[in-house]
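In case you want the letters, here they are:
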Amino acid sequence: MSVENFNDLAAFVAVAKERSFTRAAAKQGVSQSALSQTIKALEARLGVRLLARSTRSVSATEAGERLLRTLAPRFEEIEQELGALGALRDKPAGTVRITAGEHPAVSILQPALQRILPDHPNIHVEIVVDYGLTDIVAQGYDAGVRLGEQVAKDMIAVRIGPDMRMAVVGSPAYFAARSRPETPQDLTAHNCINIRLPTYGGLFAWEFERDGRELRVRVEGQVVVNHGAVRLASVLDGLGLAYVPEDQIVDHVASGRLMRVLEDWCAPFSGYHLYYPSRRHASPAFAVVVDALRLTGTRSASVRN
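Residues numbered from 1 in each chain as written. Predicted model: local features only at pLDDT ≥ 70, side-chain atom pairs only at ≥ 80, totals over all residues. Heavy atoms only, no water.

Student: How do you make sense of the environment of leucine 147 when you look at a structure like this?
Tutor: Along the chain, leucine 147 turns up in strand E5 (residues 143-147). Classification of leucine 147 as buried rests on a relative accessible area of 14%. Along the backbone, leucine 147 and histidine 273 are 126 residues apart, and their C-alpha atoms lie at a distance of 5.8 Å. Those residues in contact with leucine 147, other than ones at most four positions away along the chain, are Met164, Phe269, Ser270, Gly271, Tyr272 and His273. (Helix = DSSP H or I, 4+ residues; strand = E, 2+ residues; numbered from the N terminus. Buried < 20%, exposed > 50% of the residue type's maximum accessible area, 1.4 Å probe, protein only. Contact = heavy atoms within 4.5 Å.)

Dropping the structure here:
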């Protein structure tokens, strides 16, 4: 097969995965019209329609889906092998793309990058904050960050943080007019700041555990957010009780800006892990990032113990 044919197939894979000529053209570094002509020529040469187009979307036909299932893994392997050739360089170089929630991005990824990037000017790291359980293979990420219990079994998981605890907190102004909850069930009588995450498909249930007893409480309140910083600002402003990672409120509790309740119901659970496909060939740049994050997890464990 000629080089031109390989290029046409690569163009088809890009459009089919992105479901958009505009996004695929931007990634391919060509014009949208040129990419469209390439796909039309490929379809004419194969004698089948590969993509169904409308004014709003692009999707693969049955024939296109079949071809994509065959081609996508092979092009991915080619890209990984080409990236692995960077091992021949004297210095690690390249871009590492990681998807993570806001909390691990700020508390774990950013401090690690602050340590390693000044010594590795040829490494670039792109962090995309996403609260969903992203398919890192389909979305083209090198790795993702999730809680240990959420990592799929077919992924390599590297612990990058300590066990975590959640905390229920409210401001002194809020508690001035309300009694403190003594049990998780008491939260149903309180104004609680809910958080909506795509991971869970709806409002996140607050989880508690004590003496082996687990409880999930569906709380209600006037405020619903989908961002950790907004949730923290809301509880500081006295809009209700919030359920937040413990490390985010330690200083606020110590200074008296927030008051903690139900602490004996907030048990520790498995912390954050970096995960990536087991078949992935680690580039030198990726290896540097993973080693730095693995060290972060090791340090956290030693401090905890």
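Structure's up, so let's keep going.
Student: Would you explain the pattern of salt bridges in this entry?
Tutor: One side chain can pair with another of opposite charge once the charged atoms of both are near each other. Under the criterion given, the structure shown has 12 salt bridges. Residue arginine 216 pairs with glutamate 207 through a salt bridge whose shortest N-O separation is 2.6 Å. A salt bridge links arginine 260 to glutamate 263; the shortest N-O distance between them is 3.7 Å. On the basis of relative accessible area, arginine 260 is assigned to the buried category, the value being 15%. Counted as one network, the salt bridges with shared partners bring together Arg165, Glu246, Arg260 and Glu263. (Salt bridge = Lys/Arg side-chain N within 4 Å of Asp/Glu carboxyl O.)

Student: Looking at this structure, how should I read the sheet that holds strand E7 (residues 166-170)?
Tutor: Strand order in this open sheet of 3 strands is E13-E7-E14, and the pairing throughout is antiparallel. Of all strands in the sheet, those with a lone pairing partner are strand E13 (242-245) and strand E14 (259-261), marking the two edges. Across the sheet, the axes of successive neighbouring strands diverge by a mean angle of 50 degrees, strand direction being ignored. Across 3 bridges, the pairing between E7 and E14 is antiparallel. Looking at E14, one finds that valine 169 is bridged to arginine 260. Helix-sheet contacts for helix H7 (residues 228-236) involve E7 and E13, and the interaxial angle to E13 is about 130 degrees. (Pairing = 2+ DSSP bridges. Axes fitted to C-alpha atoms, helices over the stretch in contact; angles between N-to-C directions.)

Student: Any chance you could explain the packing of helix H2 (residues 21-28) against helix H3 (residues 32-46) here in plain terms?
Tutor: For any two helices packed against each other, the geometry comes down to the angle between their axes and how far apart the axes lie. At a closest axis distance of 9 Å, the pairing of H2 and H3 adopts a crossing angle of 100 degrees. By the angle between their directions, the pair H2 and H3 is classed as roughly perpendicular. Between H2 and H3, the contacting residues are Phe21, Thr22, Ala24 and Ala25 on the first element and Gln32, Leu35, Ser36 and Ile39 on the second. (Parallel < 35°, antiparallel > 145°, perpendicular 65-115°, else oblique.)

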